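# Geometric and topological summary
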Amino acid sequence: MTVAADRDAAFLAGIDQLADAIAAVHADDVDRGARFPTETIDALREQRALSALVPAEYGGDGISFEAVAQACFVLGRRCGASAMVFAMHQIQVATIVRHLDGSPWFEDYLRELVADQRLIASVTSEVGTGGDMSRSVAALTPIDGDPARATFEKQAPTVSYGAYADDLLVTLRASPDAGPGDQVAVLARQSDTTLEPTGTWDPLGMRGTCSPGYVVRAEVPVAQVMGAPFPSISTESMVPISHLLWSHIWLGIATDAFDRARAFVRAAARRAPGEPVPAAMKLSHVMTQLSLLRAEVHSAMQDWTEAEADRERLSTMAFALRFNNLKLAASEQAPRVCQQAMGVCGIVGFKNDTPFSIGRHLRDSMSASLMVANERIHQTNAGLLLIAKEV
Amino acid sequence: MSFPAVREIVSEHGRLSVDVTTLSDDDSLYEAGMTSHASVNVMLALEDAYDVEFPDEMLKRSVFESVGSISSALSQLDVQVA
């Protein structure tokens, strides 16, 4: 094996162990309490997993994106909320790494992220944009008399694990005169930020992500504004990476739902050897649906791996359609698999306290179509399909 | 003013918040208020007006960034842009 493959394998061995020994153990309590998965995130910090994607030249472990996506899958099988916190953090790290553009401040920031295992949350959604991440209302506003600093105030309908993050990556209009689509991304340290809660957090699923709304206010040095315009950051990195990592989690959740259904069928078969097990037929149907989900997730990863260095290609409509479709297909398929798996298990799948419980999986997977609403993505795709040639 | 025919299409379909004649060839249409959705309509109108098809590799933000970039893309498709 190459050195890089060894590093990936060691990283994934650590994640496997942590997923079983920690994430799985606390998953039900995290879910019941709608509480932050502290134990899992602490364990990820101990394994330096929060800086996995940081290249070695900044002190990170230079783990491949494929291995991080696999880690999202592995964690998703054990605790969807822990996996989602992990994935959302990695999306921010990957985005910063891919758009460093030689910024000394961001290079130093990566070194600090490695040393302190800082957790980054994102503040991209905003009240008043109708869920359209490519528009902002709040603006980065220069401070009179101090050209090196700026302020902002943003009304965020959800900030996942906002209260637990060390830093926030925030989208804003570039200046008070900028149009809604003229956006930048700004890194704000929690210590420079105040979060004023605007609601409570008691959702159906993904309860451990702790994502209430906040008014986010901060004063930041302008060196913390990423150099590239946010529309290119979004197209070339943030959107496809989000869809890839999320869909690996949803595949993980659906896979565990399938595994529980299979365990149920095996238990039934053992109780009555030689007798037909009606649920076994249903399980076969679930497998068909799971394999479609897996195929879409894996082929999207392959498409990404072939194109990830080619920014021009990533910015084409054909690619936008590809990764939007991944999100749509995976987010619709994962709850379908979970629901069918519950149908296999029957009442013991419906109950929350059996080895075959699938309620959490079903509820967690139902968040998938809301994380950037599918109807909005369909609307975007509908426009792109008018002009794209090969899809 | 250069590329008046392209400007007319941009003006009709780009939903700019400013008058297209006030923009230079290189000024960003996105900064002038063109949304991604409006840019699709600009592309469709250009394909229709010049009887061309933009290949997928040209269908990206940077190609439709400005009057100048649109005009040079059209030239690459052998369209005589006035």
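Preceding this paragraph is the structure being described.
Overview of the structure. Fair warning: this is a prediction, and the values are worked out from it, not measured in the lab. (Residues numbered from 1 in each chain as written. Chains lettered and ligands numbered in written order. Predicted model: local features only at pLDDT ≥ 70, side-chain atom pairs only at ≥ 80, totals over all residues. Heavy atoms only, no water.)

## Topic: the overall build of chain B
- For chain B, the helix and strand inventory stands at 3 helices and 0 strands.
- In sequence order, the secondary structure elements of chain B are arranged as α-α-α.
- Rg of the C-alpha trace for chain B: 11 Å, near the compact-globule value of 12 Å for 82 residues, within the 12% margin.
- Dimensions of chain B along its principal axes, counting C-alpha atoms only, are 30 × 25 × 20 Å.
- A sequence separation of at least 24 residues applies to 50% of the contacts in chain B between residues at least 6 apart. (Helix = DSSP H or I, 4+ residues; strand = E, 2+ residues; numbered from the N terminus. Rg over C-alpha atoms; globule rule 2.2 N^0.38 Å. Contact = heavy atoms within 4.5 Å.)

## Quick look at the pattern of salt bridges
All names here are of chain A.
- For the structure on display, the rule yields 28 salt bridges over all chains.
- The closest approach of N and O atoms between arginine 48 and aspartate 61, which form a salt bridge, is 2.9 Å. A residue pair is termed long-range when its members are at least 10 positions apart, and arginine 48 in the loop between helix H2 (38-46) and helix H3 (65-78) and aspartate 61 in the loop between H2 and H3 qualify at 13 residues.
- With a relative accessible area of 33%, arginine 48 lands in the partly exposed category.
- With a closest N to O distance of 2.5 Å, aspartate 259 and arginine 77 form a salt bridge. With a gap of 182 residues between them, aspartate 259 in helix H6 (residues 230-271) and arginine 77 in helix H3 connect regions that are remote in the sequence.
- Overall, aspartate 259 belongs to the buried group, its relative accessible area being 19%.
- Judged by its relative accessible area of 24%, arginine 77 falls in the partly exposed class. (Salt bridge = Lys/Arg side-chain N within 4 Å of Asp/Glu carboxyl O. Buried < 20%, exposed > 50% of the residue type's maximum accessible area, 1.4 Å probe, protein only.)

## A short note on the sheet that holds strand S4 (residues 167-173) of chain A
Residue and element names in this part refer to chain A.
- Here we have 3 strands laid out as an open sheet, ordered S1-S4-S5, and mixed in their pairing. For this open sheet the edge positions go to strand S1 (120-123) and strand S5 (183-189), each flanked by a neighbour on one side alone. Averaged over all pairs of adjacent strands, the angle between strand axes in this sheet comes to 25°, irrespective of strand direction.
- With 7 bridges connecting them, S4 and S5 associate as antiparallel partners. By the bridge assignment, leucine 172 is partnered in S5 with valine 184.
- Taken strand by strand, helix H5 (residues 104-116) contacts S1, S4 and S5, and its axis lies near 45° from that of S5.
- Its contacts with the sheet put H6 on S4 and S5, and the angle it makes with S5 is roughly 80°. (Pairing = 2+ DSSP bridges. Axes fitted to C-alpha atoms, helices over the stretch in contact; angles between N-to-C directions.)

## Some words on the packing of aromatic side chains
Residues and elements named next belong to chain A.
- A full pass over the atoms with the stated rule returns 9 aromatic pairs over all chains.
- Judged by centre distance (6.1 Å) and plane angle (90°), the ring pair of tryptophan 304 and phenylalanine 323 falls under edge-to-face. Of this pair, tryptophan 304 sits in helix H7 (residues 278-307) while phenylalanine 323 sits in helix H9 (residues 317-345), and the two are 19 residues apart along the sequence.
- A relative accessible area of 1% means that tryptophan 304 is categorised as buried.
- Through pairs of rings, three or more aromatic residues link up here, namely Phe65, Trp304, Phe319 and Phe323. (Phe/Tyr/Trp six-rings, centres within 6.5 Å; stacked < 30°, edge-to-face > 60°.)

## Side note on the side chain of Thr171(A)
All names here are of chain A.
- Within the secondary structure, threonine 171 is located in strand S4.
- Since its relative accessible area comes to 2%, threonine 171 is described here as buried.
- Setting aside its immediate chain neighbours within four residues, threonine 171 contacts Val123, Thr124, Ser136, Lys154, Gln183, Val184 and Phe230.

## Notes on the interface of chain B and chain A
- Between chain B and chain A, the contact holds 13 residues from the first and 14 residues from the second.
- For the chain B face of the interface with chain A, the top three residues by lost area are Asp56(B), Leu59(B) and Lys60(B), together amounting to 40%.
- Along the contact surface separating chain B from chain A lie 2 salt bridges.
- If you look at where chain B meets chain A, you find 6 residue pairs in polar contact (both at pLDDT 80 or more).
- Residue classes in the side of chain B that touches chain A are distributed as 5 nonpolar, 1 polar and 7 charged. (Buried area = accessible area lost by both parts, 1.4 Å probe. Polar contact = N/O pair within 3.5 Å; in protein donor to acceptor, adjacent residues only side chain to side chain. Nonpolar A, V, L, I, M, F, W, Y, C, P; charged D, E, K, R; others polar.)

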